[in-house]
Amino acid sequence: QVQLVESGGGLVQAGGSLRLSCAASGPTFSGVMGWFRQAPGKEREFVAAINWRGWTIRYADSVKGRFTISRDNAKNTVALQMNSLKPEDTAVYYCAARSQVVATTPSAYNYWGQGTQVTVSS
């Protein structure tokens, strides 16, 4: 069983930056790790994902060029660097993990963190 714990959310002005981090408990997790977000009244949506060796990285079109996902396998962590933040990036951000290839649908992921709030003011 993999447990995921996010950190790094907060309040930032539009144009600012935040860095989210997610730590996986237990043995080194060699699967895919990703980030999703959910705004009030909206469905959970894919943000970014990265495979074990970092050879496969996917981003949602809405964050390409602004967000960067990375992982440190020695520390069993994945990070999401968010730059040029916009009010529409406001959401609860969730870390997720799955065993196989990179996927963009929430139902494909087996493990989830509790979420961290990101609020971008205009």
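Residues numbered from 1 in each chain as written. Predicted model: local features only at pLDDT ≥ 70, side-chain atom pairs only at ≥ 80, totals over all residues. Heavy atoms only, no water.

### A few points about the packing of aromatic side chains
Aromatic ring pairs are described here by two measures, namely the spacing of the ring centres and the angle between the planes.
Moving on, step 1. Counting across every chain of the model gives six aromatic pairs.
Moving on, step 2. Summarising the aromatic geometry, the rings of Phe 36 and Phe 46 are spaced 5.6 Å apart at their centres and angled 75° between planes, so their arrangement reads as edge-to-face. With Phe 36 in strand β4 (residues 32-38) and Phe 46 in strand β5 (residues 45-50), this residue pair connects regions lying 10 residues apart in the sequence.
Moving on, step 3. By relative accessible area, which is 0% here, Phe 36 ends up buried.
Moving on, step 4. Centre to centre, the rings of Tyr 94 and Trp 112 are 6.4 Å apart; their planes meet at 80°, and the pair counts as edge-to-face. You can see Tyr 94 sitting in strand β9 (residues 91-98) and its partner Trp 112 sitting in strand β10 (residues 111-112), a full 18 residues away along the chain.
Moving on, step 5. With relative accessibility at 14%, the residue Tyr 94 sits in the buried group.
Moving on, step 6. Of the aromatic side chains, those joined through ring pairs into one cluster are Phe 36, Phe 46, Tyr 94, Tyr 109 and Trp 112.
Moving on, step 7. The ring of Trp 112 has Arg 44 lying over it, and the distance from NZ or CZ to the ring centre is 4.8 Å.
Moving on, step 8. A cation over an aromatic ring shows up here: Arg 98 above the ring of Tyr 109, its NZ or CZ 5.9 Å from the ring centre. (Phe/Tyr/Trp six-rings, centres within 6.5 Å; stacked < 30°, edge-to-face > 60°. Helix = DSSP H or I, 4+ residues; strand = E, 2+ residues; numbered from the N terminus. Buried < 20%, exposed > 50% of the residue type's maximum accessible area, 1.4 Å probe, protein only. Lys NZ or Arg CZ within 6 Å of the ring centre and 35° of its normal.)

### Notes on the pairing of β4
Across a regular strand the side chains alternate sides, sitting on one face of the sheet and then on the other.
Moving on, step 1. Of all the seven residues making up β4, six are buried; the element is thus mostly covered by neighbouring parts of the structure.
Moving on, step 2. Pairing of β4 with β9, which is carried by seven bridges, proceeds in the antiparallel orientation. Bridge assignment links Trp 35 to a residue of β9, and that residue is Cys 95.
Moving on, step 3. As defined by bridge partners, β4 adjoins β5 across five bridges and the pair is classed as antiparallel. The residue of β5 that forms the bridge with Met 33 is Ile 50. (Pairing = 2+ DSSP bridges.)

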